[in-house]
Amino acid sequence: METPGLVVHGLAEPFSTALRSLVNNPQFSDVRFVVGQERQEVFAHQCLLACRCNFFQRLLGTEPGSSGVPRPVVLSTVPAEAFLAVLEFLYTNSVKLHRHSVLEVLTAAVEYGLEELRELCLEFVEKVLDVELACEALQVAVTFGLGPLQERCIAFIEAHSQEALRTRGFLELSAAALLPLLQSDKLCVDEAELVRAARSWARVGAAVLERPMAEVAAPVVRELRLALLAPAELSALEEQNRWEPLIPVEQIVEAWRCHALRRVTPAQGAPYRRRSGTLPREHHRFLGLPFK
């Protein structure tokens, strides 16, 4: 009777090191990529990419009946550093991640369907998340529907609101990513400062998209809680809004109505709740907002 075979393993590190030496190595390479806006040339090996990743199997035409793809293969949307990290993972099943490029690697992992690499990137982002990275990570999370990462980023921004609002990442948020922030009661920032930040965000968006500020801000501006502002602040906002339209006139009228009536109706209650960072103002007493 034949004895069952036994799988034995050699040392993993020399094997991984040998495969890593093939990353971007023209020797024996049979596919050439041109990646990123800098159009960097990267060499790879079709059989390895195809057996490790369905995306590359389809791209390189190695599926049965496929006619193949002309070389070189141009991938202009992925930066070279991120693409090389993807190749390192595909060749060695490990990757060295960096704070400054991990979101680009995460984006590539999602787009290429590399779930294990995606999870490694998400774990790394959790460890290195800071003020400068939080809004950028939030944008990636919203873009790709990464719910746990979105929740983690929002919680971080809530706790570090003033610093996060001053970052470039905040100014570059999409309306879809900014919306859940402005809906939060836990932002540690006063409403006047939040209005200024929203205006700065809309200015950048208007310049990039070449659209009016009010149009850019329309999906999110209703979440600004103008009734929390004191009359003098509301007057200044109204004056600024005349020469730099951002907020619908009827929204400002609603805030003035709350001051005039000295109350908030039940239907209006949600938009006028205090946030964690809202500074107390005298009129908050008649809006039913207790001083902290």
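What counts as what
Residues numbered from 1 in each chain as written. Predicted model: local features only at pLDDT ≥ 70, side-chain atom pairs only at ≥ 80, totals over all residues. Heavy atoms only, no water. Helix = DSSP H or I, 4+ residues; strand = E, 2+ residues; numbered from the N terminus. Contact = heavy atoms within 4.5 Å. Expected span 1.5 Å × (residues − 1). Buried < 20%, exposed > 50% of the residue type's maximum accessible area, 1.4 Å probe, protein only. Polar contact = N/O pair within 3.5 Å; in protein donor to acceptor, adjacent residues only side chain to side chain. Core = buried A, V, L, I, M, F, W, Y, C linked by side-chain atoms within 4.5 Å. Pairing = 2+ DSSP bridges. Axes fitted to C-alpha atoms, helices over the stretch in contact; angles between N-to-C directions. Parallel < 35°, antiparallel > 145°, perpendicular 65-115°, else oblique. Nonpolar A, V, L, I, M, F, W, Y, C, P; charged D, E, K, R; others polar.

An unreviewed UniProt entry lists the chain under the name BTB/POZ domain-containing protein 19 isoform X1, from Octodon degus.

Topologically, glutamate 88 is positioned in helix α4 (residues 80–92). Among all residues touching glutamate 88, those that are not within four sequence positions of it are Arg20, Val23, Asn93, Ser94, Val95 and Lys96.

The subject of this paragraph is helix α12 (residues 191–209). Its 19 residues give α12 an end-to-end C-alpha distance of 26 Å, which sits within 8% of 27 Å, the value for a rise of 1.5 Å per residue. Those residues of α12 not exposed but buried are Glu191, Ala192, Glu193, Leu194, Val195, Ala197, Ala198, Arg199, Trp201, Ala202, Gly205 and Ala206. Residues of α12 that are buried sit in contact with α9 (161–164), α10 (168–171), α11 (175–182), α13 (213–217) and α14 (231–243). Where α12 begins, the side chain of aspartate 190 points an oxygen toward the backbone nitrogen of alanine 192, at a separation of 3.2 Å. One or two steps after α12, the chain reaches glutamate 210, where phi turns positive at roughly 55°.

With 86 residues, the main nonpolar core has Phe33, Phe56, Phe83, Leu90, Tyr112 and Leu226 as its most contacted residues. For this core, the leading source of residues is α4, giving 9 residues. When sequence neighbours within four positions are dropped, the list of residues in contact with leucine 226 reads Val195, Leu234, Leu237, Ile247, Gln251, Ile252, Ala255 and Tyr272.

Below, the discussion takes up the sheet that holds strand β2 (residues 40–44). Backbone hydrogen bonds hold the strands of a sheet together, and the pairing may be parallel or antiparallel. Taken in spatial order, the 3 strands of this open sheet run β2-β1-β3, and their pairing is mixed. Each edge of the open sheet carries a strand with a single partner, namely β2 and β3 (73–75). Looking at each pair of strands side by side, their axes are set apart by 30° on average, direction ignored. Across 5 bridges, the pairing between strand β1 (residues 31–35) and β2 is antiparallel. Paired with valine 34 across the bridge in β2 is glutamate 41. In the packing of α4 onto the sheet, the strands contacted are β1, β2 and β3, and the crossing angle to β2 comes to about 5°.

Here we take up the packing of helix α5 (residues 102–111) against helix α7 (residues 131–144). For the pair α5 and α7, the least separation of the axes is 11 Å and the interaxial angle reads 5°. When the interaxial angle is binned, α5 and α7 end up roughly parallel. Seen from α5, the contacting residues are Leu103, Leu106, Thr107, Val110 and Glu111; seen from α7, they are Leu133, Glu136, Ala137, Val140 and Phe144. The class makeup of the residues in the contact of α5 with α7 is 7 nonpolar, 1 polar and 2 charged.

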